[in-house]
Amino acid sequence: MEKSLFLKTCAGEVTSTKPVWMMRQAGRYLPEYREMRAKFPNFLEFVANPEAAAEVTVQPLRRFDLDAAILFSDILVVLAPMGISVEFISGKGPQVKSPVQSYRDIQGLSTFDSSKELAYTRKAIELTKQQISKETPLLGFVGGPLTVASYAIEGQTSKALAHTKRLYYQDPGAYHEFLDKMATDLGTYLSLQADWGCDALVIMDSWAGALSAEDYQKMAYPYTQKLISIAKKAGKPIIHYANGAGHLIENILQLEATAFGLDFRNDLSATLNKNPNTIFQGNLEPALLFAPVETIQEKTLEILEQVKNRPHIMNLGHGVLQETPLEGVQAFIKTIKNYKA
Ligand code: CP3
């Protein structure tokens, strides 16, 4: 079987048409997603239902000419099996009942067996693979250890990571033990997703950008690298994405990932020029999909021109925004598919 455009790019091949997928391509901007979601008021029950998860994964592929599907799940599904109870409250996002605050809290966490406790993911992967074309790769994912740990420590989304940094500075032993556990558990879970049928793996370190380069190097880098070393054994390409992390690019590029997702704030042409041999992904501003079609075409073409002579994965520079018009998404994808280098 011929390799898909996406996997060719991950292997370093320069293709004339670039592969495209979008972070959060399954989600609330799609009316058919909102309809499914209405049947599952509890988001975690929705994610843990393999039939629903498979259906939602496939929805964006029915509408758009996408080159990859991404498993429908969430980076926070690993918390409950560790003994950290989390709820998704509409309008508020994820809420952890008893945030991790001390060495004792960390000692009390469970070592979980993701092959048992996240067995619904295996079923969702199997059902999804049955429903997508053999040429369409399925992406599995986990959050970065820092990002997932930050939800457990902060108790909710926090862009400043004040409690996480406090734990690190007050009780570095506890912090490092927690992050090490995260790296091991997330790495094991990610490599299982590959064993269960995922063709490529994504690590989303959404809040890495809250750290200075010096802190990133101590608080996040070793654990993301440990996760990668574990997942790498599965032999699948690994894409690393960090948000708001332009100032960390030098550090991040030391990670042993296959390709690197750039957030929309990143100066793409400067980053490409500085790193001629690295495979990147991104980085159209997600809000640009609200603009007139001509503007979307113009900005997408700008990226395509910059990357035409290298392997590159087209994507937004963060997830699709909730109110995004379908015409905007269609214009982005059509521009990529109609482009001739
Ligand atoms: O299509 C896909 O991208 C696959 C599924 C996916 C979801 N979340 C589904 C989801 C993926 C890959 C994620 C990753 C994720 N989850 C991240 C990393 C990427 C990023 O956005 O930076 C983070 C930080 C989370 C944590 C999370 N999940 C938050 C903060 C929230 C609430 C805020 C929000 O957007 O509603 C979620 C909920 C969530 N995860 C939704 C979806 C489709 C919305 C839930 C709904 O339908 O109400």
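Now for a quick tour of the structure. From a predicted model like this one, the values you see are computed outputs, not experimental measurements.

1. Re the overall build of the protein
And then number 1: The helix and strand inventory of the protein stands at 17 helices and 9 strands.
And then number 2: Relative to the globule expectation of 20 Å for 341 residues, the C-alpha radius of gyration of the protein, 19 Å, shows essentially globular dimensions.
And then number 3: Its C-alpha atoms give the protein principal-axis dimensions of roughly 60 × 45 × 40 Å.
And then number 4: Per-residue burial for the protein yields a buried fraction of 58% across its 341 residues.
And then number 5: Pairs at least 24 residues apart make up 74% of the contacts formed inside the protein by residues separated by at least 6 positions.
And then number 6: Summed over its atoms, the accessible surface of the protein is roughly 14300 Å², and 49% of this surface lies on carbon and sulfur atoms.
And then number 7: Of the side chains in the protein, 35 bear a positive and 37 a negative charge, and the two mean positions are spaced by 2 Å.

2. Looking at the sheet that holds strand β8 (residues 279–281)
And then number 1: Strand order in the open sheet made by the 7 strands is β1-β4-β5-β6-β7-β8-β9, with parallel pairing throughout. Two strands bound the open sheet, and with one partner strand each, they are β1 (69–70) and β9 (312–313).
And then number 2: Sheet topology places strand β4 (residues 138–143) next to strand β5 (residues 200–205); 5 bridges connect them, and they run parallel. Along β5, the bridge assignment pairs Leu139 with Ala200.
And then number 3: With respect to the sheet, helix α11 (residues 172–195) is in contact with β4 and β5, its orientation differing from that of β4 by roughly 175°.

3. Observations concerning the packing of aromatic side chains
And then number 1: Considering all chains together, one arrives at 10 aromatic pairs under this definition.
And then number 2: Pairing Tyr168 with Tyr169 gives two aromatic rings, centres 4.9 Å apart and planes at 70°, and the pair type is edge-to-face.
And then number 3: Put simply, the rings of Tyr33, Phe40, Phe43, Phe46, Phe72 and Phe88 pair up and form one aromatic cluster.

4. Describing the pattern of salt bridges
And then number 1: On inspection of all chains with the given rule, the structure shows 14 salt bridges.
And then number 2: Lys129 is paired through a salt bridge with Asp199; the nearest N and O atoms lie 2.9 Å apart. Of this pair, Lys129 sits in helix α8 (residues 119–131) while Asp199 sits in the loop between α11 and β5; the two residues are 70 residues apart in sequence, bridging distant segments of the chain.
And then number 3: The shortest N-O distance in the salt bridge between Lys232 and Glu256 comes to 3.8 Å. With Lys232 in helix α13 (residues 221–232) and Glu256 in the loop between α14 (249–252) and β7 (259–261), this residue pair connects regions lying 24 residues apart in the sequence.
And then number 4: On the basis of relative accessible area, Glu256 is assigned to the partly exposed category, the value being 42%.

5. Quick look at the site of the ligand
And then number 1: Near the ligand you find 23 residues, and of these Tyr33, Arg37, Asp74, Ser206 and His318 are the closest.
And then number 2: At 2.8 Å from an oxygen atom of the ligand is found a main-chain nitrogen or oxygen belonging to Arg24.
And then number 3: Residue Arg37 places a side-chain N or O atom 2.7 Å away from an oxygen atom belonging to the ligand.
And then number 4: A total of 870 Å² of accessible area belongs to the ligand in isolation, and the protein chains cover 88% of it.
And then number 5: At the level of secondary structure, the elements contributing two or more residues to the shell around the ligand comprise α2 (31–38) and β3 (93–96).
And then number 6: Broken down by class, the residue content of the shell around the ligand amounts to 13 nonpolar, 6 polar and 4 charged.

Rules behind the numbers
Residues numbered from 1 in each chain as written. Predicted model: local features only at pLDDT ≥ 70, side-chain atom pairs only at ≥ 80, totals over all residues. Heavy atoms only, no water. Helix = DSSP H or I, 4+ residues; strand = E, 2+ residues; numbered from the N terminus. Rg over C-alpha atoms; globule rule 2.2 N^0.38 Å. Buried < 20%, exposed > 50% of the residue type's maximum accessible area, 1.4 Å probe, protein only. Contact = heavy atoms within 4.5 Å. Areas by Shrake-Rupley, 256 points an atom, 1.4 Å probe, with all protein chains shown as cover. Lys, Arg positive; Asp, Glu negative; His and termini not counted. Charge placed at Lys NZ, Arg CZ, Asp CG, Glu CD. Pairing = 2+ DSSP bridges. Axes fitted to C-alpha atoms, helices over the stretch in contact; angles between N-to-C directions. Phe/Tyr/Trp six-rings, centres within 6.5 Å; stacked < 30°, edge-to-face > 60°. Salt bridge = Lys/Arg side-chain N within 4 Å of Asp/Glu carboxyl O. Near = heavy atom within 4 Å. Polar contact = N/O pair within 3.5 Å; in protein donor to acceptor, adjacent residues only side chain to side chain. Nonpolar A, V, L, I, M, F, W, Y, C, P; charged D, E, K, R; others polar.

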